[in-house]
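Descriptive analysis of the structure
Each chain, letter by letter, is given below.
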Amino acid sequence: MNGETRPKVRLRGRDITMHYGFRAILRGISLEVREGTPLSVTGPNGSGKSTLVKVLAGVLTPTGGSVDLTVGETLVSADERAHRVGLVTPDLALYPQLSARETLDFLARVRGLTPEADVLSTLARVGLGDRADDYVSTFSTGMRQRLRIATALLHDPPVLLLDEPGATLDASGRDLVASLVREPSRAVVLATNDPEEAALCADQISVV
Ligand SMILES: Nc1ncnc2c1ncn2[C@@H]1O[C@H](COP(=O)(O)OP(=O)(O)OP(=O)(O)O)[C@@H](O)[C@H]1O
């Protein structure tokens, strides 16, 4: 979908707090992201970047505060949010016994998507067009990361949440990440320890 036809999107987090047991990780994080103005999330190891991304994705429920996503005029429900968000996280386990094409076919079915063509074009977009039928077990670290990015793009979500997306990628892979961050039609949040990656974003917050 191109930017002219895509509805406007706004992802907002208000006063987000998170505790793991007695340990307070996020203390009152507020943010707002719209299409075309990507937001980087920086902070030291263990400061809560990944936690914040998962809260925004709806994978984790925060201890306090709220997240809301508006697409067009519609406030997206918490249950529906996963269908509107593409999440790239190092925690995403891939099935080694599936091929890249089968991985996306499987996800397409799970997500209720049908068009087979999107699978191949998505693999081509991440540079795996010629490895579609190879098993994930034979993929290198960077190829697996490209496949994770493909899983996030498959349903053409209006929101992309990227957690350390370029950490294992080569120069062309980092260019791919840069092109995704700069897409004017998506709202993008990028959690990273890499200053060059963070600099791709117009806005920045830091968690400590
Ligand atoms: N499931 C969990 N149970 C308990 N503590 C957790 C859990 N997940 C994360 N934490 C803790 O929350 C804190 C933040 O972790 P998180 O992964 O969000 O940090 P991060 O900023 O992304 O770190 P890094 O830069 O190392 O990727 C850490 O202290 C971590 O130990």
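See above for the structure.
Residues numbered from 1 in each chain as written. Predicted model: local features only at pLDDT ≥ 70, side-chain atom pairs only at ≥ 80, totals over all residues.

**Quick word on the nonpolar core**
If you look at the biggest cluster of nonpolar residues, it comprises 48 residues, and the most contacted ones within it are Leu52, Ala150, Leu161, Val189 and Leu190. When residues of this core are assigned to their parent elements, the largest contribution, six residues, is made by helix H5 (residues 141–153). (Core = buried A, V, L, I, M, F, W, Y, C linked by C-beta atoms within 7 Å. Buried ≥ 20, exposed ≤ 12 C-beta atoms within 10 Å, placed from the backbone. Helix = DSSP H or I, 4+ residues; strand = E, 2+ residues; numbered from the N terminus.)

**A look at the sheet that holds strand E2 (residues 23–34)**
If you trace the four strands from one edge of the open sheet to the other, you get E2-E1-E4-E5, paired in antiparallel fashion. A strand with exactly one partner marks an edge of an open sheet, and here the two such strands are E2 and strand E5 (74–76). The average undirected angle you get between the axes of adjacent strands in this sheet is 25°. Both strand E1 (residues 9–20) and strand E4 (residues 64–71) contribute to a ladder of seven bridges, which runs antiparallel. Opposite Leu11, over in E4, you have Leu69 as the bridge partner. (Pairing = 2+ DSSP bridges. Axes fitted to C-alpha atoms, helices over the stretch in contact; angles between N-to-C directions.)

**Points about the site of the ligand**
Within the structure, the ligand sits among Tyr20, Ile25, Gly43, Asn45, Gly46, Ser47, Gly48, Lys49, Ser50, Thr51 and Asn193. In terms of residue class, the shell around the ligand is made up of two nonpolar, eight polar and one charged. (Near = placed C-beta within 6 Å. Nonpolar A, V, L, I, M, F, W, Y, C, P; charged D, E, K, R; others polar.)

**Some words on helix H1 (residues 49–57)**
A large share of H1 lies buried, amounting to eight of its nine residues. Those residues of H1 that sit buried are Lys49, Thr51, Leu52, Val53, Lys54, Val55, Leu56 and Ala57. Residue Gly58 follows H1 closely and has a positive phi angle near 90°.

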